[in-house]
Amino acid sequence: MDSQKIKTLIVDDDPFVRDMLGMILQSGDYGVETAENGIDAVEKFKADAGINIIISDMNMPGMSGLELIKAIRDGGSDVPIIILTGNNEISIAVEAIRSGANDYLLKDENIQDTIILSVERVMEKYHLKMQNIRLMADLAEKNKELEKSNAELKELNNLKNKFLGIAAHDLRNPLTAISGLSEILIGEAFGPLTAEQGEYLSIINGTSNEMLGLVNDLLDVSIIESGKLDLVLKKDSLKSILENRMKISSIIAQRKNITINADLHDVPDTLFDPNRIAQVMDNLIGNAIKFSPTGSHVYITLENKGDALQVGVKDEGPGIPDDEKAKLFGEFQRLSVQPTGGEKSTGLGLAIVKKIVNAHGGDVRVESAVGSGTTFYFTIPPDGRA
Ligand SMILES: Nc1ncnc2c1ncn2[C@@H]1O[C@H](COP(=O)(O)OP(=O)(O)O)[C@@H](O)[C@H]1O
Ligand SMILES: [Mg+2]
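Parameters and conventions
- Residues numbered from 1 in each chain as written.
- Chains lettered and ligands numbered in written order.
- Predicted model: local features only at pLDDT ≥ 70, side-chain atom pairs only at ≥ 80, totals over all residues.
- Heavy atoms only, no water.
- Domains from an automatic or database assignment.
- Contact = heavy atoms within 4.5 Å.
- Buried area = accessible area lost by both parts, 1.4 Å probe.
- Axes fitted to C-alpha atoms, helices over the stretch in contact; angles between N-to-C directions.
- Helix = DSSP H or I, 4+ residues; strand = E, 2+ residues; numbered from the N terminus.
- Parallel < 35°, antiparallel > 145°, perpendicular 65-115°, else oblique.
- Left-handed = near helix turned anticlockwise from the far one by under 90°.
- Nonpolar A, V, L, I, M, F, W, Y, C, P; charged D, E, K, R; others polar.
- Expected span 1.5 Å × (residues − 1).
- Bend = angle between axes of the 7 residues up to and from the residue.
- Buried < 20%, exposed > 50% of the residue type's maximum accessible area, 1.4 Å probe, protein only.
- Polar contact = N/O pair within 3.5 Å; in protein donor to acceptor, adjacent residues only side chain to side chain.
- Near = heavy atom within 4 Å.
- Areas by Shrake-Rupley, 256 points an atom, 1.4 Å probe, with all protein chains shown as cover.
- Pairing = 2+ DSSP bridges.

Asks: Hey, could you run me through the domain arrangement of the chain in this one?
Replies: In many reports, interface size means the accessible area that the parts give up when they come together. Domain assignment breaks the chain into domain 1 (7-108), domain 2 (163-225) and domain 3 (234-380). The gap between the C-alpha centroids of domain 2 and domain 3 is 25 Å. Facing eight residues of domain 2, the contacting portion of domain 3 comprises ten residues. With both chains or domains summed, domain 2 and domain 3 bury close to 830 Å², and 65% of this area falls on carbon and sulfur atoms.

Asks: Hey, could you run me through the packing of helix α5 (residues 111-186) against helix α6 (residues 195-225) in this one?
Replies: For any two helices packed against each other, one specifies the inter-axial angle together with the distance between the axes. In contact at an axis separation of 7 Å, α5 and α6 are set at 155° when each is read in the N-to-C sense. Considering the angle they form, α5 stands roughly antiparallel to α6. When the axes of α5 and α6 are compared, the crossing they make is left-handed. Of the residues assigned to the contact of α5 with α6, the class counts are 15 nonpolar, 13 polar and four charged.

Asks: Would you take a moment to explain α5 for this structure?
Replies: Side chains three or four residues apart in an α-helix point the same way, a direct result of the helix having 3.6 residues per turn. Given a rise of 1.5 Å per residue, 76 residues ought to cover 112 Å, and the 106 Å separating the end C-alpha atoms of α5 matches this to within 8%. Where α5 bends most, the angle comes to about 30°, and this point is Arg172, followed within four residues by the proline Pro174. Glu188 sits one or two residues past α5 and shows a positive phi near 55°.

Asks: Got a minute to help me understand the environment of Lys107 in this structure?
Replies: With respect to the helices, strands and loops of the structure, Lys107 is situated in the loop between β5 (103-106) and α5. Take Lys107: its relative accessible area is 35%, and that puts it in the partly exposed class. When near neighbours in sequence (up to four residues on either side) are disregarded, Lys107 contacts Asp12, Asp57, Leu84 and Thr85. Within the structure, the side chain of Lys107 is placed 3.0 Å from the side chain of Asp57, a separation counted as a polar contact.

Asks: Sorry if this is basic, but what is going on with the site of ligand 1 here?
Replies: Taken together, 18 residues lie around ligand 1, and Asp315, Val337, Ser345, Thr346 and Gly347 are the ones closest in. One nitrogen or oxygen atom from the side chain of Lys290 is found 2.8 Å from an oxygen atom belonging to ligand 1. Leu335 is positioned such that a nitrogen or oxygen atom in its backbone is 3.2 Å from an oxygen atom of ligand 1. Within the complex, the protein chains bury 97% of what would otherwise be the 530 Å² of accessible surface of ligand 1. Elements represented by at least two residues in the shell around ligand 1 include exactly α8 (274-290), α9 (349-359) and β12 (374-380). Across the shell around ligand 1, the residue classes tally to eight nonpolar, seven polar and three charged.

Asks: How do you make sense of the sheet that holds strand β4 (residues 81-85) when you look at a structure like this?
Replies: What holds strands together in a sheet is hydrogen bonding between their backbones, with the strands either parallel or antiparallel. The parallel open sheet is built from five strands, whose spatial order is β2-β1-β3-β4-β5. The two strands at the open ends of the sheet, each matched to only one other strand, are β2 (31-35) and β5. Along the sheet, successive strands turn relative to each other by an average axial angle of 20°, direction set aside. Relative to β5, β4 runs parallel, the two being bridged by four bridges. Bridge pairing links Ile83 to Tyr104 in β5. Those strands touched by α5 are β3 (53-57), β4 and β5, and its axis lies near 175° from that of β5.

Asks: What exactly am I supposed to notice about the sheet that holds strand β11 (residues 364-368) here?
Replies: The five strands are arranged β7-β9-β10-β12-β11 in an open sheet whose pairing can be described as mixed. Among the strands making up the open sheet, the edge pair consists of β7 (259-264) and β11. Averaged over all neighbouring strand pairs, the angle between strand axes comes to 15°, with direction disregarded. Sheet analysis places strand β9 (residues 297-304) next to strand β10 (residues 309-315), joined by seven bridges and oriented antiparallel. Looking at the pairing, Tyr299 lines up with Lys314 of β10.

Asks: Can you walk me through the packing of α8 against α9 in this structure?
Replies: Remark: α8 packs on α9, axes separated minimally by 9 Å, with the N-to-C direction vectors making an angle of 145°. The interaxial crossing formed by α8 with α9 has left-handed handedness. Residues Arg276, Gln279, Val280, Asn283, Leu284 and Asn287 of α8 lie in contact with α9, whose contacting residues are Gly349, Leu350, Ile352, Val353, Ile356 and Val357. In terms of residue class, the contact of α8 with α9 is made up of seven nonpolar, four polar and one charged.

What follows is the structure, given as structure tokens:
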């Protein structure tokens, strides 16, 4: 066993038993101390912190083995205890184990072998238990460290959001100016343009608008992530907002010869943030157009599902592979399906969609299979639960 000698305390009122067990254990290279009854044993155990295991008789004058176990355990020690019993005392042995003994041993002709085995077994268990306690303490320590670094990460993430928010916010005004002013020039408000001037101004205008879109998305992510998405709720008609957004999207769809069809049921007015829900619709319809081939169809539905008002946007695009679906709503996730008409892709749209819909108390889900198109559904609670 250990390099350090294990010290046993043998407790028995019979000097012959003490001597015999002492000799067996000493020849097994164990240290031995003896006591002649429970009271004696408690004293010796208290006085000698080096005692690793107690081996005690049950019937002794003064203090019995059972009382000894209780005294040791009540004193807060979980030192291993083996009790010695006669053949007709098994029920007492069971009681001893219940009271906190670790093993029992029959005082018979085999004791020379069994006592060493029992001590080894009990000590091994004890060491495992101690190791376990140490491991648990280690684990608790590691958990604490993990919690600390989690808090630090959260703090850093907050900082990132703040930074993102400030940068995006400050970029918005100059970009709006570039976009607006270039548009005025394109309109030849200050005189006719050469073809080249017109072409370059169009590039300036288009690029600044793309940047404005990205900056707005970044600002949204920052606002939403920092928990500052304040919905401006209004009781309104989902149907009329949908019709409105379809009209705007169909201009973009026409460029790819994509037809938008709609099947919009009448649903009761409900509470939602019209600007934010318009943004959700624009994103979903925009994706359907962006990732679909020219000449295909987009179908938009509005239904009352009883417990929710549901909008569906279905396309005839390539479909999304199953193993990519889990990433769809993550930030900056661009998947294997790419725009078909050279459109910009940042991977922020669906992350924003999900957060806005969830903030309304609704859900977003996707039904898609490679080769058979994609349908995104989102729901809004019908009774203004948001
Ligand atoms: N209707 C769709 N059909 C196929 N793939 C899609 C569709 N909508 C989204 N995706 C995939 O999910 C990714 C993330 O979408 P999104 O968050 O809107 O970002 P973005 O439109 O900027 O790429 C897209 O890049 C695309 O790979
Ligand atoms: Mg998108």
